[in-house]
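# Tertiary structure, described
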Amino acid sequence: VISQCISAFLVVRCLMKETDGFKLILKKLGIDKQIMMKILRIGIPAGFQGVVFSLSNVVIQSSINGFGSIVMAANSAAASIEGFVWVSMNAFHQAAVSFTSQNIGARKYERVNKIHNKEGVSSGSGERIRAVIHRAIPFYFIDADFGIMF
């Protein structure tokens, strides 16, 4: 924490000494009420959604824990693999968002559909891979006798 404070202080100090267009002038810092209201209009519902999502995950996890250690281990492994697949799919989504916003900003609307179609194919492929992996996971954690119990 101390190193972060020192780093922040040094960055602010360097910005205050700049002579170019990104010079920091503390007297000119302020909050624009219109922009703040736009941020809050999006941020408050998004924050509430995050809270609801986290609470639902707690309920789901406690339900999974009731099935015993083997199911908990399988769920943990599945969540880890899903995390890896999600990261790769999210990379495609973020790239598509960047390219889409750049093309909309440049008024090249015909490119937006091309980006959308290519991104859909990419994420669809990732989803198929995830589905195959998820179907294979249980066989690594259960034997025939245990599987019959469920």
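Here the structure is a predicted model, which is why all the values come from computation and not from measurement.

## Regarding the overall build of the protein chain
The secondary structure content of the protein chain amounts to six helices and zero strands. Reading the protein chain from its N terminus to its C terminus gives the helix and strand order α-α-α-α-α-α. When the 150 residues of the protein chain are sorted by exposure, 10% land in the buried category. Summarising the internal contacts of the protein chain: among those between residues at least 6 apart in sequence, 54% fall at separations of at least 24. Looking at the protein chain as shown, the accessible area adds up to about 12500 Å², and 67% of this sits on carbon and sulfur atoms.

## Considerations on the packing of helix α2 (residues 33-65) against helix α3 (residues 69-105)
When two helices pack together, their arrangement is captured by the angle between the axes and the distance separating the axes. Orientation of α2 relative to α3, taken along the N-to-C sense of each, is 135 degrees, at an axis distance of 8 Å. With respect to α3, the axis of α2 lies oblique. Contact residues: Q61, I64 and N65 in α2; V71, M72 and N75 in α3. Of the residues belonging to the contact of α2 with α3, the class tally is three nonpolar, three polar and no charged.

## Some details on the confidence of the model for the protein chain
Chain-level pLDDT for the protein chain is 82 on average; 79% of the residues reach the 70-or-more range. Highest mean pLDDT in the protein chain belongs to helix α1 (residues 2-17) (95); lowest belongs to helix α6 (residues 144-149) (49).

## Considerations on unusual backbone geometry
Trans is the prevailing form of peptide bonds, just as negative phi is the prevailing case for residues other than glycine. At R107, a position not held by glycine, the phi torsion is positive, near 60 degrees. Among the secondary structure elements, R107 is positioned in the loop between α3 and α4 (109-136). Residue R107 is classed as exposed on the basis of its relative accessible area, which comes to 64%.

## A short note on the side chain of N103
As for its placement among the helices and strands, N103 is situated in helix α3. Aside from chain neighbours lying at most four places away, what touches N103 is K108, Y109, R111, V112 and I115.

Thresholds applied
- Residues numbered from 1 in each chain as written.
- Predicted model: local features only at pLDDT ≥ 70, side-chain atom pairs only at ≥ 80, totals over all residues.
- Heavy atoms only, no water.
- Helix = DSSP H or I, 4+ residues; strand = E, 2+ residues; numbered from the N terminus.
- Buried < 20%, exposed > 50% of the residue type's maximum accessible area, 1.4 Å probe, protein only.
- Contact = heavy atoms within 4.5 Å.
- Areas by Shrake-Rupley, 256 points an atom, 1.4 Å probe, with all protein chains shown as cover.
- Axes fitted to C-alpha atoms, helices over the stretch in contact; angles between N-to-C directions.
- Parallel < 35°, antiparallel > 145°, perpendicular 65-115°, else oblique.
- Nonpolar A, V, L, I, M, F, W, Y, C, P; charged D, E, K, R; others polar.
- pLDDT = per-residue confidence, 0-100.

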